[in-house]
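# A structural walkthrough
Letter by letter, the chains look like this.
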Amino acid sequence: MRVTRIVPLAGAVLGVAFGATACGSPTGANTITLTQAEVAEVFAEMSAPLDSTGAFLSQMPAGAFVPARAAGSITNAASSIDVSADCSAGGTVSVSGSANPTTSGASFDLTETATSCQTAHFTVGGSVKVTGSVTLGQSSSSFDENIKGSFTITRLSDNTSGNCAIDFSVNGSFSGTSSSVTAQGTICGGNASTVVTN
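Model, not experiment: these values are computed from the prediction.

## What about the state of the cysteines?
Going through the model one piece at a time under the given rule, you end up with two disulfides. Here Cys164 pairs with Cys188 through a disulfide, and the sulfurs are 2.0 Å apart. When the S-S torsion is -85 degrees, as for the bridge of Cys164 with Cys188, the disulfide is left-handed. Linking Cys164 in strand β9 (residues 160-175) with Cys188 in the loop between β10 (178-187) and β11 (190-191), this pair joins segments that are 24 residues apart in sequence. The same class applies to Cys164 as to Cys188, namely buried. The cystine pairing of the protein, numbering bonded cysteines in sequence order, is 1-2, 3-4.

If you want it as structure tokens, here you go:
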């Protein structure tokens, strides 16, 4: 099993979960309203600089998650992560924190920070904390991830700006040919709760 890019993976999970539900109504006066496609797009575009520099996380033996070819430093494969990349039109996006392997998986505690990160369609500032774990077994595996924080997002097409608060968790289990993923919480004021089973 190969796990690439915990934070970009978080963005993809956010986009899929939000895309599977209704956008909902903003809960705050200064909450930006984004379509389902825009939620997926903002997180994909914000994570792209980390991909383009090779700053992604890959699974190593014993479940260790470490950045490979990152524009930053790794002080210990089992502890500190600090990667940063320039966004396509200015600003930066960075990931810092720790990823700690066990004999059967890993846990992680990361912060993704966007500093005036301008992409093709958005300018993003703020940060989210991403915590969780992955457990790998012979016949089954599971994961849990919690994302909490806030971004200020400006949509460049109409210069609309507002806050996007995120309080979201997702967990899943996989065994043989069956799987179950449950997501719950809010993204940009919209309900992002869903359950997917196979």
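## Focus: the nonpolar core
Of all hydrophobic cores here, the largest spans 34 residues; its most connected members are Met46, Val124, Phe151, Ile153, Ile166, Phe168 and Ile187. Every element with two or more residues in this core is listed here: α2 (36-52), β4 (80-86), β5 (92-102), β6 (105-118), β7 (122-136), β8 (140-155), β9 and β10.

Cut-offs used in this document
Residues numbered from 1 in each chain as written. Predicted model: local features only at pLDDT ≥ 70, side-chain atom pairs only at ≥ 80, totals over all residues. Heavy atoms only, no water. Disulfide = S-S within 2.5 Å. Helix = DSSP H or I, 4+ residues; strand = E, 2+ residues; numbered from the N terminus. Buried < 20%, exposed > 50% of the residue type's maximum accessible area, 1.4 Å probe, protein only. Core = buried A, V, L, I, M, F, W, Y, C linked by side-chain atoms within 4.5 Å.

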